[in-house]
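One-letter residues, chain by chain:
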Amino acid sequence: MSDPTDLEAFRREARQWIEANAPPEIRGLESSIEGAGNWGGRRATFDPPEMKVWMERMAERGWTAPTWPTEYGGGGLSKDHAKVLGQELARAKAPPALMGFGLEMIGPTLLQFGTEEQKDLHLPKIARGEIRWCQGYSEPDAGSDLASLQMKAVRDGDDFIVNGTKVWTSYGDLSDWIFCLVRTDPEAKKQEGITFLLIDMDAPGVSVKPIQLISGKSPFCETRFDDVRVPVANVVSEIDAGWTVAKALLGYEREMIADAFGGSRSGSKKKTTGQGSRLVQLARHYGFGNGGALSDGVLRDEIARLEMDERAFHLTVQRSRDAAKAGHRPGPESSLFKVYATELNKDRHELMVRIAGAQGLGWEGPGYEDEEIALTRAWLRSRGNSIEGGTSEIQLNIIAKRVLGLPD
Ligand SMILES: Cc1cc2nc3c(=O)[nH]c(=O)nc-3n(C[C@H](O)[C@H](O)[C@H](O)COP(=O)(O)OP(=O)(O)OC[C@H]3O[C@@H](n4cnc5c(N)ncnc54)[C@H](O)[C@@H]3O)c2cc1C
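Described below are features of the structure shown in this document. (Residues numbered from 1 in each chain as written. Predicted model: local features only at pLDDT ≥ 70, side-chain atom pairs only at ≥ 80, totals over all residues. Heavy atoms only, no water.)

### Quick word on the packing of helix α8 (residues 278–288) against helix α10 (residues 333–356)
Okay, so step 1: Following both chains from N to C, one finds α8 and α10 inclined at 20 degrees, their axes separated by 8 Å at the closest point. Here α8 lies roughly parallel to α10, going by the angle between them. Crossing of α8 over α10 shows left-handed handedness. Across from R278, L279, L282, A283, Y286 and F288 in α8, the residues of α10 making contact are R348, L351, M352, I355 and A356. (Axes fitted to C-alpha atoms, helices over the stretch in contact; angles between N-to-C directions. Helix = DSSP H or I, 4+ residues; strand = E, 2+ residues; numbered from the N terminus. Parallel < 35°, antiparallel > 145°, perpendicular 65-115°, else oblique. Left-handed = near helix turned anticlockwise from the far one by under 90°. Contact = heavy atoms within 4.5 Å.)

Structural data, given as structure tokens:
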């Protein structure tokens, strides 16, 4: 537990620094794990351009990765200090300077399992937003049953030759590196012949093809590997021991998803204002207002229940994080948060579309405002929340077996 006086001094320092360094143009901008905000990388585009300034200033301070050790480009902050920093950024309406699977998934995994060379090579580039990462786990015949994956890596001297196809690779077309699960021993039991490999997307033989989602966007891709040569030095942990690394990374992924849909980040964003929450404002806009209270009692109840659930969830995640010891790594309990967060997010979008009535079912055309079309598309996109990062059914199986100890 950090000294409260020290934390207050840090709060003052962080507040002053943010006031002096967060450009006004970036204040109040949205960010989300569905692509909004700055994700960095070689192909990064900064909109507005001041976002680049914000990223560079934060990276210089180590605050894009506040709890990572300073030698890898992090801020070296304790969990408590990082929490204060998060509160001060929210207070100043300063969006994250950098988001992405580098910071949230492969970074923590390399800190846990990487060699010194791998940490030195990759972590500072992630923290500075120079390299964007994507995840190569799922294959056409390996999703929930991930250990059935078939992408092959065959040893050739100091390299592997990799062949196969990954699918649903989020942002594969915008990423520079991919962390992959590959089969290195086809004879071993399925979990035992898997290796965790880092691959440069610019390597000859890597190709990506975007896949369109029901929302009309193409946030993910089919990624093919044809005779791609990858140095053995890019193996994380041991050859054939990738399953342990893969599961650890999934814990980080589930925490990221839970945070994004109500855990820590958006929990602070969804605070009510003088005019009421976004849901209440939407209800008034679509004719449910009645001066003070909303006129429809059923709708009032539904909004209140959803917002209480979101608030309670946010506090539960916070309590769990606060109670976790320093160096905490997510365990099977991250499945609980993942299920609940994604089901809540789906409920929220469902309710928003119902409030908008027929105006919430627009796809395109002059009869709909841009926000209404965005609402419909966001609702359709939210259907995937309980699939990505492992489906709700799979999370419930994990909770049953590994949290509750129920038999198979
Ligand atoms: C928006 C989005 C982004 C994604 N991004 C990535 C990414 O970046 N990288 C990546 O590698 N993958 C990604 N995925 C893939 C995702 O991890 C898989 O879709 C997911 O693991 C499910 O696999 P599947 O689609 O093959 O479905 P299947 O495994 O075929 O499942 C079909 C249905 O059967 C159910 N089911 C399967 N097995 C069981 C069981 N044992 N018990 C009960 N029910 C079961 C499932 O819950 C599901 O309802 C993404 C998916 C989405 C939707």
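Don't stop here, the text continues.
### Things to note about the side chain of K166
Okay, so step 1: Assignment of secondary structure puts K166 in strand β3 (residues 159–170).
Okay, so step 2: Overall, K166 belongs to the buried group, its relative accessible area being 0%.
Okay, so step 3: There is a polar contact of 2.8 Å between the side chain of K166 and the side chain of E139. (Buried < 20%, exposed > 50% of the residue type's maximum accessible area, 1.4 Å probe, protein only. Polar contact = N/O pair within 3.5 Å; in protein donor to acceptor, adjacent residues only side chain to side chain.)

### As for α10
Okay, so step 1: If you check α10, its first and last C-alpha atoms are 36 Å apart, about what 24 residues at 1.5 Å a residue would give, namely 34 Å.
Okay, so step 2: Taken across its 24 residues, α10 has 17 buried, putting it largely inside the fold.
Okay, so step 3: Count one or two residues on from α10 and you reach G357, which has phi positive near 60 degrees. (Expected span 1.5 Å × (residues − 1).)

### Topic: the environment of L181
Okay, so step 1: Counting through the fold element by element, L181 comes out in strand β4 (residues 177–183).
Okay, so step 2: Here L181 falls in the buried class, since its relative accessible area comes to 0%.
Okay, so step 3: C-alpha of L181 to C-alpha of M51: the two residues are 130 residues apart in sequence and 33 Å apart in space.
Okay, so step 4: Setting aside anything within four residues of it in sequence, one finds L181 in contact with G136, Y137, E139, L146, L149, M151, K166, I194, T195, F196, G242 and A246.

### With respect to the site of the ligand
Okay, so step 1: By nearness alone, 18 residues border the ligand, and S138, S144, W168, T391 and E393 come closest of all.
Okay, so step 2: Separating an oxygen atom of the ligand from a backbone N or O atom of Y137 is a distance of 2.9 Å.
Okay, so step 3: Here an oxygen atom of the ligand sits 2.7 Å away from a polar atom, N or O, in the side chain of E393.
Okay, so step 4: About the coverage of the ligand: the protein hides 66% of its 980 Å² of free accessible area.
Okay, so step 5: Secondary-structure elements contributing two or more residues to the shell around the ligand are β3 and α12 (392–403).
Okay, so step 6: Its residues assigned to classes, the shell around the ligand shows 5 nonpolar, 10 polar and 3 charged.
Okay, so step 7: Looking at the shell around the ligand, you find at least three residues from each of domain 2 (133–245) and domain 3 (261–403). (Near = heavy atom within 4 Å. Areas by Shrake-Rupley, 256 points an atom, 1.4 Å probe, with all protein chains shown as cover. Nonpolar A, V, L, I, M, F, W, Y, C, P; charged D, E, K, R; others polar. Domains from an automatic or database assignment.)

### Brief notes about a nonpolar patch on the surface
Okay, so step 1: Together, L336, V403, L404 and L406 line one region of the surface with nonpolar side chains, adding up to about 350 Å² of accessible area.
Okay, so step 2: You can see L336 is positioned in helix α10.
Okay, so step 3: Given a relative accessible area of 39%, L336 falls into the partly exposed group. (Patch = residues over 30% accessible without salt bridge, like charges linked within 9 Å, V, L, I, M, F, W, Y side chains within 5 Å. Salt bridge = Lys/Arg side-chain N within 4 Å of Asp/Glu carboxyl O.)

### A look at the packing of aromatic side chains
Okay, so step 1: Tallying each qualifying case throughout the model produces 13 aromatic pairs.
Okay, so step 2: Consider the rings of F10 and W63, whose centres lie 5.9 Å apart with planes at 75 degrees: the pair is edge-to-face. Remark: W63 occurs in the loop between α2 (50–61) and α3 (79–91) and F10 occurs in helix α1 (residues 4–21); sequence separation between them is 53 residues.
Okay, so step 3: A relative accessible area of 8% places F10 in the buried class.
Okay, so step 4: On the accessibility criterion, W63 (5% relative accessible area) is buried.
Okay, so step 5: Both rings, one in F313 and one in Y340, keep their centres 5.3 Å apart while their planes meet at 50 degrees; by these two values the pair is tilted. A residue pair is termed long-range when its members are at least 10 positions apart, and F313 in helix α9 (residues 297–323) and Y340 in helix α10 qualify at 27 residues.
Okay, so step 6: The structure contains a cluster of three or more aromatic residues connected by ring pairs, namely W133, Y137, W177, F179 and F196.
Okay, so step 7: The side chain of R377 reaches across the aromatic face of W363, ending 3.7 Å from its centre. (Phe/Tyr/Trp six-rings, centres within 6.5 Å; stacked < 30°, edge-to-face > 60°. Lys NZ or Arg CZ within 6 Å of the ring centre and 35° of its normal.)

### A short note on empty space enclosed by the protein
Okay, so step 1: As enumerated under the stated definition, the model contains 2 cavities of 30 Å³ or more in all.
Okay, so step 2: Taken as a whole, the largest cavity spans an internal volume of roughly 80 Å³.
Okay, so step 3: In this structure, the largest cavity is lined by W39, L98, M99, G100, F101, G102, L103, I126, G129, I131, R132 and W133.
Okay, so step 4: Looking at side-chain class alone, the lining of the largest cavity contains 8 nonpolar, 3 polar and 1 charged residues.
Okay, so step 5: If you add up the space inside the second largest cavity, you get close to 30 Å³.
Okay, so step 6: Forming the walls of the second largest cavity are E255, S320, R321, H328, E333, S334 and F337.
Okay, so step 7: Broken down by secondary-structure element, the contributors of at least two residues to the lining of the second largest cavity are α9 and α10. (1 Å grid on protein atoms, 1.4 Å probe; cavity = no way out; pocket = protein on both sides within 12 Å on 5 of 7 lines; lining within 4 Å. Points joined across faces, edges and corners; volume = space filled by probe spheres on them.)

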